[in-house]
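Below are the chains, spelled out letter by letter.
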Amino acid sequence: MIRLAEQIGLKALSRLDPESAHRATITALKSGLLPPQSPPRSDRLTVRIGPLTFPNPVGIAAGFDKDAEAVEPVFRLGFGFTEIGSVTPRPQPGNPKPRVFRLPEANAVINRYGFNSQGHVRVHERLLRARSSGIVGINVGANKDSTDRVADYVAGIRRFADCASYFTVNISSPNTPGLRDLQARAALQSLLDAVLAERERAQAEVGRELPVFLKIAPDLTDADLDDVCGVAGNSQLDGLIVSNTTLSRAGLPAGPPADESGGLSGAPLFERATIVLAKVRRRVGPGLPLIGVGGITDARRAWDKVAAGATLLQVYTGLVYQGPSLLIDILKGLDAELAARGLATLADAVGIAEADWADRALPPT
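Residues numbered from 1 in each chain as written. Predicted model: local features only at pLDDT ≥ 70, side-chain atom pairs only at ≥ 80, totals over all residues. Heavy atoms only, no water.

Ranked by internal contacts, the top residues of the largest apolar core, which has 94 residues, are Leu127, Tyr153, Leu214 and Leu240. Beyond its immediate stretch of four places on either side in the chain, Tyr153 contacts Val140, Gly141, Ala142, Val169, Asn170, Ile171, Leu179, Leu182, Leu191 and Val195. Ranked by size, the runner-up nonpolar core spans seven residues in total, among them Phe101, Leu103, Ile110 and Leu252. (Core = buried A, V, L, I, M, F, W, Y, C linked by side-chain atoms within 4.5 Å. Buried < 20%, exposed > 50% of the residue type's maximum accessible area, 1.4 Å probe, protein only. Contact = heavy atoms within 4.5 Å.)

Okay, structure coming up:
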């Protein structure tokens, strides 16, 4: 009955334009209209990163709950963690509408939201009211018209230190002009120096560790990855998130809506994002946590991400087409795969197929 109700709900949402459907989903979560789920619990699926213990490895990616409107409802669905944002210091509307496009035949979405955000003050107030006991990451970004983007990221660490479980520094959105330039070696070094210095100050103030992750694009070259991983490996960064959306349209039919500008997510991103994930794992070694994102539509692809090098996983576009039961399917599938292989924990599976994925050529752009 739950799956039937979910399919009916998804069909109704598909009749709305994508952004309205997203808003309706957030409203339904806030109103308690979506029933809670009881995901399978297994010690094999518990993941520990620094001070954080994740009850399961699957989280909601940034972009779903940008303004922290549905923190607790997301946990009632059973997710192991959630990531808010990207949040910019000042409120900004983002790009003009329409700015989200479904590609249902490809199980994909194109968006060019452009960091629409209610801003630090409002999101912070909402998080303080929520007082969630779950793991809540804060994805910090920069205002489009900022004259000092590094200062914007530092301001995000300062503002949310009292309520963040971890931070994500998002320099990989394709929808804010010039943002991806921060992935270049010198610019990235300056950014991380400033962010991590503020993290040290904030940790002393709040009296606990505040892990910081860096979210990168899937469109980086091997030379770019050398730079990013070199800087990351020589810093006190706690991990990388691989990856954001892609500008590539490889494999999609020409014409609308595939020719809309913006970042592509969903199934077509899976191969590219997973190859980049494995290339990053090869460069940073086994110790640095990686969160695998991009094209996870079932348990098989979730397993492939882990085998390629992911410590944790995030989903978003897969939920658009399959609903929250996707989480249940993934957790059941991961647990069954671990049991079949005689592995005690998910950590034992991380990177077991790194070589296979890292040696593959990236799809054409």
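Glancing now at the side chain of Asp67. Relative to the elements of secondary structure, Asp67 occurs in the loop between strand S3 (58–60) and helix H3 (71–76). Look at Asp67: it is buried, it has no salt bridge, and the nearest opposite charge is Arg126 at 5.3 Å. In this structure Asp67 touches Ile84, Ser117, Gln118, Val123 and Arg126, once residues within four positions along its chain are discounted. (Helix = DSSP H or I, 4+ residues; strand = E, 2+ residues; numbered from the N terminus. Lys, Arg positive; Asp, Glu negative; His and termini not counted. Salt bridge = Lys/Arg side-chain N within 4 Å of Asp/Glu carboxyl O.)

What the three strands build is an open sheet, ordered S5-S6-S11; its pairing is antiparallel. Each end of this open sheet is capped by a strand with a single partner; those strands are strand S5 (100–103) and strand S11 (263–266). Geometrically, the sheet is characterised by an average inter-axis angle of 20° between neighbouring strands, direction not taken into account. Across four bridges, the pairing between S5 and strand S6 (residues 108–111) is antiparallel. Bridge pairing in S6 places Leu103 opposite Ala108. (Pairing = 2+ DSSP bridges. Axes fitted to C-alpha atoms, helices over the stretch in contact; angles between N-to-C directions.)

As a further point, take helix H9 (residues 299–308). For H9, the buried fraction is high: eight of the 10 residues fall into the buried class. Listing the buried residues of H9 in full gives Ala299, Ala302, Trp303, Asp304, Lys305, Val306, Ala307 and Ala308. A distance of 3.2 Å separates the backbone nitrogen of Arg300 from a side-chain oxygen at the start of H9, and that oxygen is part of Asp298. Gly309 occupies a position one or two residues after H9 and carries a positive phi of about 140°. (Polar contact = N/O pair within 3.5 Å; in protein donor to acceptor, adjacent residues only side chain to side chain.)

The strand order S3-S4-S7-S8-S9-S10-S12-S13 describes a closed barrel built from eight strands, whose pairing is parallel. Neighbour to neighbour, the strand axes of the sheet diverge by 25° on average, direction disregarded. As paired elements, strand S10 (residues 239–242) and strand S12 (residues 290–293) share three bridges and run parallel to each other. Within the sheet, the bridge partner assigned to Ile241 lies in S12 and is Ile291.

In this section: the environment of Arg341. Turning to its location among the elements, Arg341 is positioned in helix H11 (residues 325–341). Not counting residues within four places of it along the chain, the set of residues in contact with Arg341 comprises Trp303 and Ile352.

The next subject is the pattern of salt bridges. Scanning the entire structure with this criterion turns up 23 salt bridges. With a closest N to O distance of 3.6 Å, Glu198 and Arg158 form a salt bridge. With Glu198 in helix H6 (residues 185–206) and Arg158 in helix H5 (residues 149–160), this pair connects stretches of sequence that are 40 residues apart. Using a relative accessible area of 46% as the deciding quantity, one classes Arg158 as partly exposed. For Asp227, the salt bridge identified is with Arg185, shortest N-O distance 3.1 Å. In this pair, Asp227 is assigned in helix H7 (residues 222–233) and Arg185 in helix H6, connecting sequence segments 42 residues apart.

Along the chain, Gly85 connects to Ser86 via a cis peptide bond; the corresponding omega equals 10°. Looking at where Ser86 falls in the secondary structure, it is placed in strand S4 (residues 81–87). Of note, the bond from Lys97 into Pro98 is cis; its omega dihedral lies within 30 degrees of zero at -5°. Note on placement: Pro98 falls in the loop between S4 and S5. One non-glycine residue, Asn107, lies in the positive phi region at around 50°. Of note in the backbone geometry, Phe115 takes a positive phi value of approximately 55° without being a glycine. Structurally, Phe115 can be placed in the loop between S6 and helix H4 (119–130).

Tallied over the entire structure, the rule returns five aromatic pairs. Ring geometry for Tyr166 versus Phe213: centroids 5.4 Å apart, planes at 75°, classification edge-to-face. Here Phe213 lies in strand S9 (residues 212–216) and Tyr166 lies in strand S8 (residues 166–170), a separation of 47 residues in the sequence. The rings of Phe54, Phe81, Tyr166 and Phe213 are connected pair by pair, giving a single aromatic cluster. For Arg301, the ring lying beneath its charged end belongs to Phe270, and the centroid distance is 4.8 Å. Stacked on the ring of Trp357, the Lys or Arg Arg360 has its end atom at 3.7 Å from the ring centre. (Phe/Tyr/Trp six-rings, centres within 6.5 Å; stacked < 30°, edge-to-face > 60°. Lys NZ or Arg CZ within 6 Å of the ring centre and 35° of its normal.)

Here we take up the pairing of S11. Side chains Gly263 and Ser265 of S11 all project onto a buried face; the interleaved residues Leu264 and Gly266 project onto the opposite face, where all are buried too. As defined by bridge partners, S6 adjoins S11 across four bridges and the pair is classed as antiparallel. What sits directly across from Asn111, in S11, is Gly263.

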